[in-house]
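# Coordinate inspection notes
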There are 2 protein chains.
Amino acid sequence: MNLQNEMTDRVTYIEEVIKKYLPAEEGLQKSVIQAMNYSLLAGGKRLRPMLMQESYRMFGGENIYRDSERGKLVEPFMAAMEMIHTYSLVHDDLPAMDNDEYRRGRKTTHVVYGEAMAILAGDGLLNFAFETACKAFREAKNPEEYARVGRAMEILAGKAGVYGMLGGQVADVEAEEKDTVSSDTLLFIHENKTAAMIESCLMIGAVLAGAEEDEVRLLEKAGSNIGVAFQIQDDILDITSTLEVLGKPIGSDEKNHKQTYVSIHGMEQSKADVKRLSEEAITILASFQRRNEYLEQLVEQLISRKK
Amino acid sequence: MNLQNEMTDRVTYIEEVIKKYLPAEEGLQKSVIQAMNYSLLAGGKRLRPMLMQESYRMFGGENIYRDSERGKLVEPFMAAMEMIHTYSLVHDDLPAMDNDEYRRGRKTTHVVYGEAMAILAGDGLLNFAFETACKAFREAKNPEEYARVGRAMEILAGKAGVYGMLGGQVADVEAEEKDTVSSDTLLFIHENKTAAMIESCLMIGAVLAGAEEDEVRLLEKAGSNIGVAFQIQDDILDITSTLEVLGKPIGSDEKNHKQTYVSIHGMEQSKADVKRLSEEAITILASFQRRNEYLEQLVEQLISRKK
């Protein structure tokens, strides 16, 4: 199978996992559950659960892909991760935040369900992520596995909160109110808003499979590199892809007078940084006794993508 | 010591616990942390952590009040509970929800920090609650204590979410959009929006102290009764206290054309239900081998309060 087919196969599996943990649309709170599921099933690359799954496999957590017995510890966390990612999108799109009406070609949650329900749906998703992750405790077969779930929970909460994704979102909101943003602030935003969750995925997969703490720390570093490189590549593509389409090099960020990694560091330096960061990440992934070729290819493709 | 003095002493202790787990106001995400702490330190009765602490003591989790060594397992959950309660208030007050400008005599979070920051502060508090509760894993001294923390985490998440507090809030928001609310819906709102968190407090305290699952289920029932009785008493007081102050029996709920337990069931039935529910709750609390007189008095006072 080539990478694209393997990826499609995995996305199908991840969709099944997400659906397995969806709350049922019933009861007097039915409307908010509908809004939660609407957002959760809006598609997307399912990149985060995929990275978690592959990290889990890499450390021997699951030898056979789609082996339901051995996947029981990681599946609740895969679903939880996507719920947290989705809650952050629902709240980012709110009128008081980015005020976006469309995402992935569908109307955003607050447009369909109203602002109050979108706030509650985001809250519900964040809360349900922890409820779902807690299901892994019931799958733990011994104290050691139980402790892995506890450690994974710690990482899940820590990387999503004020010292992770949410912290990055706060800095981003504040940066947008100003005319300039320092390179330190921009790096903080990328490291937290995007990279923290990538770190979380790689770390949780490894922890649940029984990796040692020093291995988990190396994966945190790799995740940080991947996340930051991904964002810089995003900034690069914003310019180069509009150049291709429009015939002139004006990206949407530039039109919005938004400072990016490229506008601060220049195109050459940005490309060099993507290369350096991704090479470092791949070096880390390739340094473990067990390798996961799919994961290495996935990371390379993510960072060097053309769109 | 009389009940009032004992209560004051406990509130002082709970404030210390909350402050111990507050996030530091530093870093590029400082503003959201300030908004989180502003809301968290806005005062209040600290009733929920108090109930948890007393349930924990009742099952032998802490023989000596303010014994830092033995309180280590429950303290993170006490702080987490208050964070979840506070997040729900911050989001309830938002312009898209109740649009309240004041709470407990202070300006609400969105008035002081803006709407975007208030949404993020609420998200941050909910997330930080789980981060904080996770700290208890590090205090567990053996696999059994570790498993108690996992079970407590499960309860914390479950009772706060779509099948608990948040579900009740959703039904409440929808009921306000309609002219009438059925008695079933009103009971659902009280059972979830208010009672679920009371249940959670009593259950978590007991679980962390090592109570058996059947004891935990009994406490869930007691918590449900206490929460619902508390809300009915609220509806009763809304009418009787304005009668006292204004000299006419028009409560704020009635002015807002909001249906309450009293408007549906009548004053006499409402008072009888408060009595029945609270007697059942006290009977449960008094049925355990170990008694906690303070907890019994606290519950009685809560329900039969005059303001």
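Conventions used here
- Residues numbered from 1 in each chain as written.
- Chains lettered and ligands numbered in written order.
- Predicted model: local features only at pLDDT ≥ 70, side-chain atom pairs only at ≥ 80, totals over all residues.
- Helix = DSSP H or I, 4+ residues; strand = E, 2+ residues; numbered from the N terminus.
- Rg over C-alpha atoms; globule rule 2.2 N^0.38 Å.
- Buried ≥ 20, exposed ≤ 12 C-beta atoms within 10 Å, placed from the backbone.
- Contact = placed C-beta atoms within 7 Å.
- Arc of directions from axis to C-beta.
- Core = buried A, V, L, I, M, F, W, Y, C linked by C-beta atoms within 7 Å.
- Nonpolar A, V, L, I, M, F, W, Y, C, P; charged D, E, K, R; others polar.
- Least-squares fit on C-alpha atoms with pLDDT ≥ 70 in both.
- pLDDT = per-residue confidence, 0-100.

### Regarding the overall build of chain A
Looking only at helices and strands, chain A has 15 helices and 2 strands in total. Whereas a compact globule of 307 residues would reach a radius of gyration of roughly 19 Å, chain A reaches 19 Å, a difference of no more than 12%. Each principal axis of the C-alpha distribution contributes one length, and for chain A these read about 55 × 50 × 35 Å. When burial is assessed residue by residue, chain A has 52% of its 307 residues classed as buried. Counting only contacts in chain A whose residues sit at least 6 apart along the sequence, the fraction spanning at least 24 positions is 72%.

### Remarks on helix α15 (residues 293–303) of chain B
Residue and element names in this part refer to chain B. The complete set of buried residues in α15 reads Leu295, Leu298, Val299 and Ile303. Angularly, the buried residues of α15 cover 120° about the axis, an arc narrow enough to put them on a single face. Among the exposed residues of α15, those pointing more than 90 degrees away from its buried face are Glu293 and Gln301.

### As for the nonpolar core
Core analysis: the biggest nonpolar cluster contains 193 residues, and Phe77 of chain A together with Phe77 of chain B have the highest contact counts within it. In this structure phenylalanine 77 of chain B touches Met52, Ala133, Ala136, Ala152, Leu156, Ile204 and Leu208 of chain B, once residues within four positions along its chain are discounted.

### Considering the environment of aspartate 273 of chain B
Residue and element names in this part refer to chain B. Looking at where aspartate 273 falls in the secondary structure, it is placed in helix α14 (residues 267–286). The partly exposed category is assigned to aspartate 273, around which 17 C-beta atoms lie within 10 Å. Taking the C-alpha atoms as reference, aspartate 273 lies 7.3 Å from alanine 229; in sequence the two are 44 residues apart.

### What about the interface of chain B and chain A?
Contacts between the two partners involve 44 residues from chain B, matched on the other side by 44 residues from chain A. Breaking the side of chain B that touches chain A down by element, the ones donating at least two residues are α2 (30–40), α7 (115–134), α8 (143–160), α9 (165–177) and α10 (183–209) of chain B. For the side of chain B that touches chain A, the element with the highest residue contribution is α7 of chain B, accounting for 12 residues. When the residues that make up the side of chain B that touches chain A are grouped by side-chain class, the tally is 27 nonpolar, 12 polar and 5 charged.

### Side note on the environment of serine 241 of chain A
Take serine 241 of chain A: it is sitting in helix α11 (residues 213–246). Sequence spacing of serine 241 of chain A and arginine 138 of chain A is 103 residues, and the spatial spacing of their C-alpha atoms is 47 Å.

### Here's the deal with the relation of the copies chain B and chain A
Copy one and copy two of the chain differ by a rotation about a common axis and a shift along it. The transform that puts chain B on chain A rotates by 180° and translates by 0.0 Å along the axis, for an RMSD of 0.0 Å. Such a combination of rotation and displacement between the chain copies is what one expects of a two-fold axis. Judged by C-alpha distance, proline 143 of chain B is the residue of chain B that lies nearest the rotation axis, at 2.9 Å. Counting the interface residues of chain B, we find that 100% of their copies in chain A are interface residues as well, pointing to one common contact surface.

### Description of unusual backbone geometry
Here the phi dihedral of asparagine 99 of chain A falls at roughly 50°; this positive angle occurs in a residue that is not glycine. The backbone of arginine 104 of chain B sits at a positive phi, close to 50°, despite the residue not being glycine. In this fold, arginine 104 of chain B is placed in the loop between β1 (102–103) and β2 (106–107).

### Describing the confidence of the model for chain A
Detailed reading of the predicted coordinates is not advisable wherever pLDDT is low. Of all residues in chain A, 91% attain a pLDDT of 70 or more, and the chain-wide mean is 91. Confidence metrics for the complex model read pTM 0.95 and ipTM 0.95.

### A look at the environment of methionine 7 of chain B
Residues and elements named next belong to chain B. Tracing the sequence through the fold places methionine 7 in helix α1 (residues 3–21). The exposure class of methionine 7 is partly exposed, given the 19 C-beta atoms found within 10 Å. Counting along the chain gives 43 residues from methionine 7 to methionine 50, while the straight-line C-alpha distance between them is 8.7 Å.

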